[in-house]
Every structure is written in structure tokens, then in C-alpha cells.
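# Topology and contacts: notes
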Amino acid sequence: MTSELDIFVGNTTLIDEDVYRLWLDGYSVTDAVALRVRSGILEQTGATAAVLQSDTMDHYRTFHMLERLLHAPPKLLHQLIFQIPPSRQALLIERYYAFDEAFVREVLGKKLSKGTKKDLDDISTKTGITLKSCRRQMESCSVAQAGVQWRDLSSLQPPPPGFRDYAAIVFFANNRFETGKKKLQYLSFGDFAFCAELMIQNWTLGAVDSQMDDMDMDLDKEFLQDLKELKVLVADKDLLDLHKSLVCTALRGKLGVFSEMEANFKNLSRGLVNVAAKLTHNKDVRDLFVDLVEKFVEPCRSDHWPLSDVRFFLNQYSASVHSLDGFRHQALWDRYMGTLRGCLLRLYHD
Amino acid sequence: MPGKLKVKIVAGRHLPVMDRASDLTDAFVEVKFGNTTFKTDVYLKSLNPQWNSEWFKFEVDDEDLQDEPLQITVLDHDTYSANDAIGKVYIDIDPLLYSEAATVISGWFPIYDTIHGIRGEINVVVKVDLFNDLNRFRQSSCGVKFFCTTSIPKCYRAVIIHGFVEELVVNEDPEYQWIDRIRTPRASNEARQRLISLMSGELQRKIGLKVLEMRGNAVVGYLQCFDLEGESGLVVRAIGTACTLDKLSSPAAFLPACNSPSKEMKEIPFNEDPNPNTHSSGPSTPLKNQTYSFSPSKSYSRQSSSSDTDLSLTPKTAPYPQGPRIYLCPSSPSLSCGSLHLKKSCLLLSESSLTPHHSSLVSPVLRKSVSFSEELFLAASGMGSGSAGKEGGPFKALLRQQTQSALEQREFPFFTLTAFPPGFLVHVGGVVSARSVKLLDRIHNPDEPETRDAWWAEIRQEIKSHAKALGCHAVVGYSESTSICEEVCILSASGTAAVLNPRFLQDGTVEGCLEQRLEENLPTRCGFCHIPYDELNMPFPAHLTYCYNCRKQKVPDVLFTTIDLPTDATVIGKGCLIQARLCRLKKKAQAEANATAISNLLPFMEYEVHTQLMNKLKLKGMNALFGLRIQITVGENMLMGLASATGVYLAALPTPGGIQIAGKTPNDGSYEQHISHMQKKINDTIAKNKELYEINPPEISEEIIGSPIPEPRQRSRLLRSQSESSDEVTELDLSHGKKDAFVLEIDDTDAMEDVHSLLTDVPPPSGFYSCNTEIMPGINNWTSEIQMFTSVRVIRLSSLNLTNQALNKNFNDLCENLLKSLYFKLRSMIPCCLCHVNFTVSLPEDELIQVTVTAVAITFDKNQALQTTKTPVEKSLQRASTDNEELLQFPLELCSDSLPSHPFPPAKAMTVEKASPVGDGNFRNRSAPPCANSTVGVVKMTPLSFIPGAKITKYLGIINMFFIRETTSLREEGGVSGFLHAFIAEVFAMVRAHVAALGGNAVVSYIMKQCVFMENPNKNQAQCLINVSGDAVVFVRESDLEVVSSQQPTTNCQSSCTEGEVTT
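About the thresholds
- Residues numbered from 1 in each chain as written.
- Chains lettered and ligands numbered in written order.
- Predicted model: local features only at pLDDT ≥ 70, side-chain atom pairs only at ≥ 80, totals over all residues.
- Heavy atoms only, no water.
- Helix = DSSP H or I, 4+ residues; strand = E, 2+ residues; numbered from the N terminus.
- Buried < 20%, exposed > 50% of the residue type's maximum accessible area, 1.4 Å probe, protein only.
- Contact = heavy atoms within 4.5 Å.
- Areas by Shrake-Rupley, 256 points an atom, 1.4 Å probe, with all protein chains shown as cover.
- pLDDT = per-residue confidence, 0-100.
- Salt bridge = Lys/Arg side-chain N within 4 Å of Asp/Glu carboxyl O.
- Axes fitted to C-alpha atoms, helices over the stretch in contact; angles between N-to-C directions.
- Parallel < 35°, antiparallel > 145°, perpendicular 65-115°, else oblique.
- Nonpolar A, V, L, I, M, F, W, Y, C, P; charged D, E, K, R; others polar.
- Buried area = accessible area lost by both parts, 1.4 Å probe.
- Polar contact = N/O pair within 3.5 Å; in protein donor to acceptor, adjacent residues only side chain to side chain.
- 1 Å grid on protein atoms, 1.4 Å probe; cavity = no way out; pocket = protein on both sides within 12 Å on 5 of 7 lines; lining within 4 Å.
- Points joined across faces, edges and corners; volume = space filled by probe spheres on them.
- Phe/Tyr/Trp six-rings, centres within 6.5 Å; stacked < 30°, edge-to-face > 60°.
- Lys NZ or Arg CZ within 6 Å of the ring centre and 35° of its normal.
- Core = buried A, V, L, I, M, F, W, Y, C linked by side-chain atoms within 4.5 Å.

### Notes on the overall build of chain B
The number of helices and strands found in chain B is 25 helices and 32 strands. Counting every position in chain B, which comprises 1064 residues, the buried fraction comes to 63%. Relative to all contacts within chain B whose residues are 6 or more apart in sequence, the contacts with residues 24 or more apart total 80%. About 38400 Å² of surface is accessible on chain B, with carbon and sulfur atoms providing 54% of the total.

### Remarks on the overall build of chain A
Helix and strand counts for chain A stand at 21 helices and one strand. The burial tally for chain A puts 52% of its 350 residues in the buried class. In chain A, of all internal contacts separated by at least 6 residues, the share reaching a separation of at least 24 is 72%. For chain A, the exposed surface amounts to about 15400 Å²; the carbon and sulfur share of it is 50%.

### Focus on the confidence of the model for chain B
Residue and element names in this part refer to chain B. Summing up the model confidence of chain B, the mean pLDDT is 71 and the portion of residues at 70 or higher is 64%. This stretch, residues 507-523, has a pLDDT under 50; its non-local contacts, to residues over four places away or in other chains, come to 56 contacts. For residues 1044-1064, every residue scores under 50 in pLDDT, and the model assigns this stretch 34 contacts once sequence neighbours within four places are set aside. As a predicted assembly, this complex carries a pTM of 0.77 together with an ipTM value of 0.81.

### Observations concerning the environment of B:Gln679
All names here are of chain B. With respect to the helices and strands, the residue Gln679 is situated in helix H15 (residues 669-692). Spatially, the C-alpha atom of Gln679 lies 6.0 Å from that of Ile661, the residues being 18 residues apart in sequence. Setting aside residues up to four positions removed in sequence, Gln679 forms contacts with Ile659, Gln660 and Ile661.

### Description of the pattern of salt bridges
Any two side chains of opposite charge can pair, given that their charged atoms come close. Going through the model one piece at a time under the given rule, you end up with 42 salt bridges over all chains. B:Glu480 is the partner of B:Arg460 in a salt bridge, and the nearest nitrogen-oxygen pair spans 2.6 Å. A residue pair is termed long-range when its members are at least 10 positions apart, and B:Arg460 in helix H11 (residues 450-469) and B:Glu480 in strand E14 (residues 474-485) qualify at 20 residues. The same class applies to B:Arg460 and to B:Glu480, which are both buried. With its nearest N and O atoms 3.3 Å apart, the salt bridge here joins B:Arg965 to B:Glu986. Here B:Glu986 lies in helix H24 (residues 975-997) and B:Arg965 lies in strand E30 (residues 950-967), a separation of 21 residues in the sequence. Considered together, B:Arg965 and B:Glu986 belong to a single accessibility category, that of buried residues. Each of A:Asp16, A:Arg36, A:Asp55, A:Asp58, A:Arg61, B:Lys825 and B:Arg827 takes part in one network of salt bridges that share partners.

### Remarks on unusual backbone geometry
Residues and elements named next belong to chain B. Geometrically, the link from Ile830 to Pro831 is a cis peptide bond, its omega value of 0° lying close to zero. Along the chain, Pro831 falls in the loop between helix H18 (804-825) and strand E26 (832-842). Of note, His836 is a non-glycine position whose phi angle comes to about 55°, a positive value. Taking the relative accessible area as the measure of exposure, His836 reaches 23% and is therefore partly exposed. Of note in the backbone geometry, Ser1005 takes a positive phi value of approximately 50° without being a glycine. Its place among the elements puts Ser1005 in strand E31 (residues 1002-1016). Judged by relative accessible area, which is 9%, Ser1005 ranks as buried.

### Digging into the packing of helix H17 (residues 258-278) of chain A against helix H19 (residues 288-302) of chain A
Residue and element names in this part refer to chain A. Where H17 meets H19, the axes come as close as 10 Å, and the angle between the chain directions of the two elements is 175°. The angle between H17 and H19 places the two elements in the roughly antiparallel class. Mapping the contact onto sequence places Leu268, Gly271, Leu272, Val275 and Lys278 in H17 and Leu288, Asp291, Leu292, Lys295, Phe296, Pro299 and Cys300 in H19. Residue classes in the contact of H17 with H19 are distributed as eight nonpolar, one polar and three charged.

### Re the interface of chain B and chain A
Each partner contributes to the interface: chain B provides 58 residues, whereas chain A provides 42 residues. For the pairing of chain B and chain A, the buried interface totals around 4600 Å² over both sides, and the portion due to carbon and sulfur atoms is 61%. Summed over the shared surface of chain B and chain A, the number is five salt bridges. When the shortest N-O distance is used, the salt bridge between B:Arg827 and A:Asp16 registers 3.1 Å. Connecting chain B to chain A are 23 residue pairs in polar contact (both at pLDDT 80 or more). When contributions to the side of chain B that touches chain A are tallied by element, the ones reaching two or more residues are strand E7 (104-113), strand E8 (117-130), strand E25 (782-796), H18, strand E29 (940-941), H24 and E31 of chain B. Among the elements that line the side of chain B that touches chain A, the one with the most residues is H24(B), at 13 residues.

### Digging into empty space enclosed by the protein
All names here are of chain B. Its boundaries defined by the atoms lining it, the second largest cavity holds a volume of some 450 Å³. Forming the walls of the second largest cavity are 32 residues, and the residues nearest its centre are Tyr90, Asp92, Ser197, Asn960 and Met961. Secondary structure elements with two or more residues in the lining of the second largest cavity: helix H1 (62-67), strand E6 (84-91), E7, helix H2 (185-213), E30 and H24. Here the residues of the lining of the second largest cavity are counted per class, giving 18 nonpolar, nine polar and five charged.

### Structural notes on the packing of aromatic side chains
On inspection of all chains with the given rule, the structure shows 45 aromatic pairs over all chains. Each ring, one from B:Phe164 and one from B:Phe414, has its centre 5.4 Å from the other, and the planes form 65°; the classification is edge-to-face. Here B:Phe164 is found in strand E10 (residues 156-171), whereas its partner B:Phe414 is found in the loop between helix H10 (394-408) and strand E13 (425-439), with 250 residues between them in sequence. The residues B:Phe164 and B:Phe414 share a single accessibility class, namely buried. Taking the centre distance of 6.2 Å and the plane angle of 50° together, the rings of B:Tyr769 and B:Phe860 count as tilted. Here B:Tyr769, found in strand E24 (residues 768-770), pairs with B:Phe860, found in strand E27 (residues 848-860); they are 91 residues apart in sequence, far enough to count as distant. By relative accessible area, which is 13% here, B:Tyr769 ends up buried. The class for B:Phe860 is buried, based on a relative accessible area of 3%. Aromatic ring contacts, followed pair by pair, group A:Trp203, A:Phe223, A:Phe265, A:Phe296, A:Trp305, A:Phe313, A:Tyr317, A:Trp333 and A:Tyr336 into a single cluster. The ring centre of A:Phe223 lies 4.2 Å from the NZ or CZ of A:Arg335, which sits over that ring.

### Focus on the packing of H19(A) against helix H21 (residues 330-347) of chain A
All names here are of chain A. Across the interface, H19 lies against H21 with an axial gap of 11 Å and an inter-helix angle of 75°. Compared by their axis directions, H19 and H21 come out roughly perpendicular. Residues Phe289, Leu292, Phe296 and Val297 of H19 form the contact with H21, whose participating residues are Leu340, Leu344 and Leu347. A breakdown of the residues in the contact of H19 with H21 according to their chemical character gives seven nonpolar, no polar and no charged.

### A word on the nonpolar core
Within the largest apolar cluster, 237 residues are counted, with the highest numbers of intra-cluster contacts made by A:Phe313, A:Tyr336, B:Leu70 and B:Ile122. Among the elements that line this core, the one with the most residues is H24(B), at 15 residues. Ignoring anything within four residues of it in the chain, the contact list for A:Phe313 reads A:Val247, A:Leu251, A:Met261, A:Phe265, A:Leu268, A:Phe296 and A:Trp305.

### Points about the environment of B:Cys1011
Residue and element names in this part refer to chain B. Along the polypeptide, Cys1011 turns up in strand E31. Once the C-alpha coordinates of Cys1011 and Ile984 are considered, the two residues, 27 residues apart in sequence, prove to be 9.4 Å apart. In contact with Cys1011, other than residues within four places in its own chain, are Gln850, Thr852, Cys1024, Leu1025 and Ile1026.

### A short note on the environment of A:Lys110
Residues and elements named next belong to chain A. With respect to the element layout, Lys110 can be found in the loop between helix H7 (101-107) and helix H8 (114-117). Under the relative-accessibility criterion, Lys110 is labelled partly exposed at 34%. When the C-alpha positions of Lys110 and Asn175 are compared, they lie 9.0 Å apart, and in sequence the two are 65 residues distant.

Structure below.
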């Protein structure tokens, strides 16, 4: 006696949260059944393994059918095939678009397209996340990217709570920021997401013009061009010296690492300004984080700056520019440095 | 020219990509009705086209309006090649044809393609303007309402229940026409869908005409079925109960009217108060009686016809002891019985003399003579002998004849209803069923489907005569079914023989009124259990006792019925689902040999099924079955029998005896030990079940019971028929009631197997109950959460050395596992009850068994159940549907004095009764899902006739849909399970969409009548046909009812779909 066909269809689609999680995590039916058995469900309900198997298969089939709709959340809300209460729909979408930070950290800044999918295998082995789950998360990312590109942020209603994070993922993918270098490995997804949020808020076109909210995901090209103007801060020797003396005067006695700061000021300032000047080229934009770490984080770290000193320094460093009479790009400097300061503080850790 | 149909195509959404190059679609719509077609403009390059068409107007006969479906086809425009069809929507416009139902159909319909399934949705608005034409009812029957519900619909009142209507139409199956060889599967499927839609429209119209002829205005319990006879054609047949219904106008008026049927009780006799003329013509009625016209001639012709068809051969040697055939001489007990009877009839007479209709006693005497000659006929046709026995209970006979007059004018006094207005059901005799095996041949002239008609007429006659043998003049809870395998077809019909109160019947004459007075003096709460047949003349051996409730009348020790538990019945404890499952291997054979083999097997199967049912009932410690449905399915090499029923403990019936096991070889010590071990196990099970189902009948001391009735040892004189033409089992079950303790003899391994299988049935996990009736006896505090579901399982048997035992075990496991799966799946709803559990078995191929289950899970409130069961007496005596303090105390007054002290006990009992099985007071809205928040309106579906915690305020019309789905990429669609899962989900979606478009928010009395699944994995193909029906309704939550009296139907509130499409 073998079971050829075994289905259960409810007028209201039954969603078992536990099985959904197992499915999302990419377990096969057999593994899922084994995991459920281990959870002690058989003892609780008095069911048999066969019943559990059939139940799991059934849920998997339902999820498989739902997946097509989950790829386009608005479709799930309007479709007629599955009658699912709104709260459950929200749960389905929320869980479906949830991701593992470990996975996302791996793909951050990479193209969310097929090229990377070949690497999914490696990511899977590296992070211990099942390949299926990796694939799903990859697809979710592309869906999010597509959704953003279609300027249809509102269509992702109810917005997945992780939407901020998705914004970061898409922002990184769009700008192809390099995050995989060895020296960047110490940074978590959270660090990057924090930076992304700051940049989206300040450096994109949408940041200055709220009408252009569809441009949220691209850096303001004009702003990047203008950043070249900041070069004068390091190119003009007088300006650089004046800047240094202003900072040093203000910080004397307040900084534990004052001498190191004084010695390194020109290097650090050159580094920060040059990063800005380089942003005109796409290729250099990609290396933004590498540059920041190389030019600022690493030198400071090698001198054992405490975080509080870094904060003091960066605050004073940005503020002092306002007192430079010869410098006319105050607003530009604030837009640049305000964001960068936030990012650097976040990036500065071991 | 009495109708104008107007259709507007508004928009589409989520259309499939038809042009690979642009990833878009150039869609347009064809709207077809009859032979007229309109087209919309092509909406270029969009997956969400906005056609906003003009109103397409069709001017048509109302006959066409009834027959034809509106056909909407969505196509993709192609400049160079033929336009590609995206899919279709069939809309049945019948609901627009009667005034009280829907006025407009408007909403999003899934676009359905038989190969690809649902492909997007289309927004359509349909209206009908009916002109007031005086000749309107010539060909059409617009205005006759149809209900699938097998009880009087909740917001109506039955003025008259006319009776049985049936019709069938036949046609060639397009799948088997020559043209099918050259056309695409899609074209063939669509031809089939369209044809069936057309045929069911025609069928409904014809039935409507019959109803109008009977001066009714509605069909209740409408059941339409398809017989896919393959080569020989396609039969669409329907049965129903014609009624005259009165709409209870507003919900406000409806509440009190329904809640107090006592009002109805007073009204109805006046309403249809017999006019004086009928009184004088009363005696003449029986002379016109149709019984005469059919009795000798038709019956004989039937028997002769069966001899020339040679198909339905029943072995004359029935497998069970032929006890009833032995005529015993009346001995002393009969005398005492007779005297008892005399006493009783005196009592009744004295009561009746109080009534003003005393004089009309005259007419029954005349009737008597007629019925006497009828008995002569019975004797002559070999149905039995010794009509003299009738004299034993003259009064009972008299009673019966009076009601007969009302019914016998009809050819078939059948009712498809399973629940009745209070007082309608007087006595219940037992289950009557008839089966017949036929060989299918091509239907040569589809316009005159005489063969099929004759087949069914034959079976119905048989049912009627069985009912008569049980002393009943009517059959309630009547249904018909078929099972077809290749060219062999088993026709089955079953119902419950009953005596009805003629008040609700059309010709309620003066004699009926007399009877009415008499009947009203009977305590109705146990009245239906009282035997309708003559105890001296029992059609089968039964163990009779005085009713445990009223102590006046006799009751059998067990009662089997096909109806729902009457709302006023007193039950003890809870009920449970009881199933008997059976397989029998059969040699493969052709044509007549095959038919003979099948008809030889049938009686054995029926007998075993009944034995199993009886055993299981005893094991549960219960004494009555309701909603019994026995399905016999025929396959190539086996027969399957599946009986489902809900067991209950009726307070009026005696406590069932236990099960005794007897071995055949008493000398063997170890064997003895084994037997006693088994016996212990059985006794334990019974005790456990009694506890589980809370069966604690009150201890009644011997004094109250009085002396036990001397059992009439001379059993039946008038015997039930052992008819030649087909097989029947009418009362087999009852013959087991001979002994107090039921003895199971274990004489071989088979019997051992049987006992084991009895014990393998595991009870549902705690918190779960199940039944196959509308309501669960003993549970009355439903909460609002419901979940309707369909589950399908197919197993493949290993073909090697199959034995009956192995087969039985496989089948048993299949059903048990299925139930276990359901319990597991629905565990989040605990405490809950699976209601209306409906199993269907089919044998699609040699080694395949398919079981389809549809049921609804309803949650209930455990705490409130505890509140209502405070004292032990109250705990044990719960009424089936309502629990009222007053009523709970009623049984305490038990016997004799209750009658005189309550001149109108039924009326009193019913004043407090509630129409809905959900007690208003008990209802606590646990979680009403908010409909308003969701984008797609929630449509509930339930096989029950009600929605817990809600009032049905409007019936919008019948939903009757037929779908075919086919695939040539089975593996890609997830195999057979994936394919069928998706299809059933789609069917649900289409039903919901139609209901929502009618302005409704629920389907009640939903039933999946057919689910025919065929696969060919080698070719990567599968096909499935599904037929569903139900009543679209608008319901209002009881909690909302207090706030707003009128409900705005929830409609889909997505008027525009402006969000961008996200494609991946």
C-alpha cells in the first residue's frame, strides 16, 4: 500500500508557522519531519510519523504554491486562490523576506543577479545556511531591488519590518560598494546598514528633493562632482595648516592621544578629503569603505585611539572648517562630513 | 421576449504574459450568450487592462435565460495568427431571475482555463431586466427558488411541503464523440463544461416547471448529480422536495418567528385550513388514489422487465438467517399485546373525542377498505401474507391510513429533507434502501431518456414498498446515487421510512386534522422513536420495549435513520462518527457476467456493513444512528462499501446491551483464555467510550419501568419483500436486536479479524469530536470559527496476492489515517468538532482506491459546556440543540401524568426552541475575523445549512459549478498531489468569487458531489472533474445584528488596481 496522492485543502489556507520556518530555512521534507519529531510534537499530539510526514508535505506544497505570489507581495493581497486572513498574509510576507545577517553580509555590495548565484554554494558552505534558503534570500533581495527600481516602495505593504535593511542591501548593490576585502571583514551587516541609512538620508538625490523619492537608491551625482571642490582643504598648504592649528588648539589637553593626532593630522585630513575628491569616479565610489578603513580607521587604530577621542577629533575636525575664512564650500562640507563622521564612528571598532 | 441581459466588462488584472517578446498582453473579451457574441476593444500591452466597455445587451427568452450560462472569454489579440484564448468565465445568471435573490452580479471572477488553471481575474457586471409577461411560465420556470439545503431555509417558513420532484436529461458525452479525436483537449474540455452547464440549466428549468405544476414556489434539498457513463453518454439527474415557502420579511420579524415555532404551529393549521368541500370529497380521494393505478400493473411489469434485463439478480438465498420468513402462530403473548393495544386505542379515542373533528372518523373507515385490497395485492405479489394481523392494532392502522391519503396521491412520497419543521415527523420506521445493477448501453434518443427514467422509477417503487412494509407512508432523508465502472452501473437509493404529519402537506384534509389533534397529544420528543409498524405484524424481528421517555408507546432497541437528529430529540451525552468499511474482491468479468457477479456480492456486503455498524454502535454504548449513508463503489476487480453515520444515545430507547464473545471450540483452554481476554478488552472499550461520550443514562428503577413487555415471539407476518429485481437490506440491522447482549461468534480467523478491526478504531484525540450530521448532539455552544476543507487520498494496492482481509485492512488504515491526519491538521482549533464529515470512495483504476473527505471543523466553547451541565440529571439529559432549564426538567416528569397535565406538550416545548442550532444566549463571539480590513472579502464555505454565531439574512441563489482541469505537464506541476491541490484550491476560489459577485459572504450546504481524478503518469498527464454546489447567502454576525439590522454585503473593495506590477 503506497500513497499516491494525499492532499488537504482548506477554505481558509492553513499556515503552520513552525513548518513555514523550516521551509524558509530550506530543509527538505525529510529533514523537516525529522526536526519536527525531535521537537516532541508526536508526544504532544499523539500523532504518528506518517501523519507528520503527510502534514509536512502538504504544508510544503502550499508554500510552494504561495511562493510565486510571495515574489510579488501585492499579488498575494489581491489573489483569490488562497483565502488567508490579513494577519497571516503579513506574517507570510514578513517571514519570507526575513534574512540571515550572515548571508547578507556575504552578498552585500555584490550584483544581485545570476553571477552571484553561482557563488551561493560557497556562501552556503561558509555560513552553514542551506542552499535553498540562500537562494530564497538572494531572490528576496532581487525582488526588493526590483521593487525599489519600480519606485514602488509603497507596494510592499505591509512593509516588511526589515525594509530598512533591504534599503541598505539594495543601496549597496546599486553602488556596488566593496565589502568583501579582508580588511573589511571585521565589519558586520549592521555597520554597513547604519552607514547606508546615513548615506541614503544625506547623499542621495531624494535627500535634497523629496519629489524625487525614486532616486533614493543612487548617490547624488552633482554632489559627488562638487566634492572635488573640497580638495582645496589639503591642496592649499595654508588652509591645511590653519585647519590643523584650529583643531589642535581646540583639542589640546582633551585628547589622550593628542601627540599622535598632531603628528597624523595632515595624513588623516588628506585621506578624508581625497576620499571625497575621488568619489566622482564610479570605480572609486566602490572602494569608499576600503578607503575609509585604510585612510582613517587603520591609522587611528594602530595608534590606539579610544573611540571617545575619535569622536572628539571628528567633531572638531568638521566644525573647525567653518572658521576657515578662505573656504567657501561650507554647506558641501557639512553634507559630506556630517555623514562621513557618523559612518566613521560606526566603522571604528575592532 | 421576456428578458434583457446586460453585461459590462470593466477590467482585468494579473493576466498572464501572452507575448513573450514584450512580456505583455493585448487582451480583449468576447461575451457570448446563446448564439449572440459581443467583443470589447483590444486593450494593448497591459497585464491589467481597463476595458470599461459599454453595456452589451442580449434580448432573450427566459427559457434561454434559465438554460444558458453567460460565457465570457478573454483572448490575446494577435495580428498575424489566430487569437490565443487566455481563459473563460461561465456565469450562471439564474440567481438574477427571482426577485428576492441577487439583483446584480458584479465582481472579480478568476479567468479559468482547463489546461492552465486560473490565469488572472476579470471584473464583470451583469444585470437582467425581466419583463412582466403573463405567459411567462409557459416554458420557463423563472421564479422558482432552488436550495441545496436539506431543511427549510432559515429565513423562510414552509407553508406547504409538496413532495418529491425529479428529472433527468441525457446527452452524448463530448469526450467520446468522434470529433474528439481531432480537436484539442482544451476544446474538448470546454465543450464538456459548456454542455453540462447547459444541461443543468435545462434540468433546473424542467424541475421548476414540475414545481409550478404542484403550485409550489421552491425546491429544497435540491441534489443534482452527473453520471459519466462514458461511451453510453452523460446523464444529469436531480431530485428535490417541492415546497411553498413564505419569506419571513425582515430580519427583525424573522428572529421571533423562527425562534418560536409555536407561533407557526398555531398559524399553519389556519393558513391552510381545509376548505369545507374537501370534507365531503374526502372519502372519494382514496378512490382516485394512484396506488391503484400503479399497484398491480406497474409492479408486475417491473418484475417482468427485470427478468428480461437479467442484470439485477439477487440471490434468493440471503446470507442471513431467514428468520422472518417463518410464520409463527400467534400464541398467548399476542393476546396480551392485543389487549394492551386495545387499552391504548381507547385512551387515544377518548382524547380524540374532545376534538371537534370527531365526525371525520368516518372517512378512515372507507380508506380502510381500500387499504385492505392493497394488502391483498401485497399478498398476491408475494410480498407477504397474513394481512389479518392488521386487526391487532386497528387504531394504528387507521392513523396510518389517514396520513396515507395525503401522500398516496403522489407517485413517490419521498422527501429529500433531512431536518424538518417541528411536528412534521411523527414516527420513524428505519432505513430503507434499494440497489440495482444495470448494464449501460448507448442512449439512442437523448430526448427520451426512457431507460434511465425506468431504472430509477423501479428503484423508487422498491423503496416505497419497503417503507410500506415498515408501516410508513413516506420516506424522508431520501437520496440517490450511482457507481459506474466501465459498462456496469449500480444505482442506489436510500432513505428513512417515516410517518409524517400531514399538516404541512398539500392536501391536509379534515381527516388530517383529526389526526393532527391526536398527534399533538403525543409527546413529540420521543414520538419519532415510536414504532410506526404494527408490533404484531412486525416486518422483521425486533426487540421492543416501552419508550423510556413516555412509557406509553413501544420503541425498538436500536434505530437507524438517514436524517439529521430531530432538534427536539432527547439525547444523552455526545455523539460520534461511526463508520463501517468493507472491501470484497471480485473476478474481472465482462458485461452480464460482471453484473451478475456484482449483484451476487451486494447482499453479502450490505449484511456485513450492517453487522459492522451494529458492532461499532454497541461498542460506543449508543443506540441510534443518524445520517446513515452507505456507499457501495464498484471497481474492476473489487467492490467497496463505506457506511458513515453519527451514533447517539437516544434517551427514549433502551440501554444497549454489551457485546458477548463466544468461541466455537470451548475445550481448548488457551483459546478460552484468549476469548476472555478479548471479552475484557471489549468491555473496557465500551466503558471507556461511555465515559468519553458522557453517556450516563439516569438510573431508572424497575417500578417506573413497569413490567417489561412480553416480547411478541411471533414475529412478523407481513414480511418485507425479498424482491427479485434488486437488492435491499432494509431492516437487516434490526434483526440483531434479538438478544440483550449481542453475541459475536468467533469461529474462524475472519471473525477474529473482525473483532480486532473493531478495536483498532481509535477515538479522536481529546478535544475533538466528529459527526456526519449537521449538528453534533450534545454540543450547543459553537463559537464562530469554522474551517471547511476537502482532503483527498489515493493509495495504490500492491497487486500481489490480494486477499479480502488485506484489502479490508488497507482500506481501514486509509480511512483511519485520513481521520488522524485531519485531527492533527486542525489541532489548533481544539476544542472543536468535525461536522458533516462526508466520505466518498471511488476506484479510479485497478489497484487504486481514492477517498475524498469534505467536512467542516467548528470550534466550541468548553467552559460554557460545563456551565450548562450542572446537576447530574441535567448533565445526562441534554437536548440536541437547545438547553433550556425548563426543558431539562421536563424529562423528570417522566411518565403517565405528563400527558393529561399538559394538553399541548409539543406547543409548550417548542415555544422555547430556537431555530438555529446555535443557542443565542450561549453564543459568545470569540473572534470575529474582521472582513472590512482585508482587500478581498472573506467568503465562508460550509457543508452545513447554518453558520455558527450568525444569522442568514438572505439566500442569493444556488451555486452549481462544474470544472474540468487537465494537464500534460504533471511532473512540472508537482505531481498528482500538486495538480489536484492546486485544482481544488482553484475551485474554492471560483466558488468564493461567484458568491462575492452575487453580494454574498458565505456558501452554505456546500457539497463536492464529484471529484473524478484520472492520471497517466507515463504520459505525464492527468485530468480531473469536479462538481460542487451550495447556496450563496448573506449572513450577519449575531453580535453585529444588534448594532445594525441590515447588512451591507461585503464586496471586493479593490475598485482600482493602480499599484505597479512587480514581476520577477
